[in-house]
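A closer look at the structure
Read off the chains here:
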Amino acid sequence: MSEPTDEEVVQVAAEAAEGLVRSRFKQSNVRDLDVTVTFEDGVLDVDVYLNAPEGDADAEAVADEAARAAQAAVDELFEDA
């Protein structure tokens with residue numbers, strides 16, 4: 001199997017980050033979610049901005065966890081390649 005394209009890497013990372021956020025918060029409770037992913041020269045950069053009410057989960061901690069989930073998903077993508 002060939003190496004994933006940059007587009008595939010970005011898509012997998014973004015989907016993983018968004019999926020984690022959606023698993024932690026009801027969609028109606030998320031005021032704003034912005035996931036920015038770049039993959040250039042083999043370097044993955046994931047930035048997650050989350051604006052959600054305090055309550056069930058800490059938004060900042062979930063945003064950090066979402067970024068780590070994106071990295072893990074990309075790592076798995078390359079392992080499977």
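Below or above, wherever it landed, is the structure these notes cover. Nothing here was measured: the structure is a model prediction, and the numbers come from that model.

We now examine the overall build of the protein chain. Counting its regular elements, the protein chain contains two helices and two strands. Listed N to C, the secondary structure of the protein chain is α-β-β-α in terms of helices and strands. Split into buried and exposed, the 81 residues of the protein chain put 31% on the buried side. The contacts of the protein chain with a sequence gap of at least 6 include a subset with a gap of at least 24, amounting to 55%. Of the roughly 5,300 Å² of accessible surface on the protein chain, 42% is carried by carbon and sulfur atoms. Across the protein chain, the centroid of the 5 positively charged side chains sits 15 Å from that of the 22 negatively charged ones.

Now for the pattern of salt bridges. One pass over the full model with this rule turns up two salt bridges. Where Glu18 meets Arg22, a salt bridge forms, and the shortest distance between an N and an O atom there is 3.6 Å. Taken together, the positions of Glu18 and Arg22, both in helix α1 (residues 6–24) and four residues apart, correspond to about one turn of that helix. Classification of Arg22 by relative accessible area gives partly exposed; the value is 43%.

Time to look at the environment of Val37. Looking at where Val37 falls in the secondary structure, it is placed in strand β1 (residues 32–40). Overall, the relative accessible area of 13% leaves Val37 in the buried class. Separated by 23 residues in sequence, Val37 and Ala14 have C-alpha atoms that sit 6.4 Å apart. Setting aside its immediate chain neighbours within four residues, Val37 contacts Val10, Ala13, Ala14, Leu44, Asp45 and Val46.

Quick look at the pairing of β1 now. Looking at chain direction, β1 and strand β2 (residues 43–51) are connected through nine bridges and run antiparallel. Bridge pairing in β2 links Val37 to Val46. Hairpin connection of β1 to β2: two residues between the antiparallel strands, including Asp41 at a positive phi of 55°.

Before going further, it helps to spend a moment on the packing of aromatic side chains. Going through the model one piece at a time under the given rule, you end up with one aromatic pair. Relative to Phe78, the ring of Phe39 has its centre 6.0 Å away and its plane inclined at 45°; by these criteria the two rings are tilted. Of this pair, Phe39 sits in strand β1 while Phe78 sits in helix α2 (residues 59–80), placing them 39 residues apart in sequence. The class of Phe39 is buried, set by a relative accessible area of 12%. Overall, Phe78 belongs to the partly exposed group, its relative accessible area being 27%.

What counts, and at which threshold
Residues numbered from 1 in each chain as written. Predicted model: local features only at pLDDT ≥ 70, side-chain atom pairs only at ≥ 80, totals over all residues. Heavy atoms only, no water. Helix = DSSP H or I, 4+ residues; strand = E, 2+ residues; numbered from the N terminus. Buried < 20%, exposed > 50% of the residue type's maximum accessible area, 1.4 Å probe, protein only. Contact = heavy atoms within 4.5 Å. Areas by Shrake-Rupley, 256 points an atom, 1.4 Å probe, with all protein chains shown as cover. Lys, Arg positive; Asp, Glu negative; His and termini not counted. Charge placed at Lys NZ, Arg CZ, Asp CG, Glu CD. Salt bridge = Lys/Arg side-chain N within 4 Å of Asp/Glu carboxyl O. Pairing = 2+ DSSP bridges. Phe/Tyr/Trp six-rings, centres within 6.5 Å; stacked < 30°, edge-to-face > 60°.

Any functional reading would require information beyond the geometric quantities listed.
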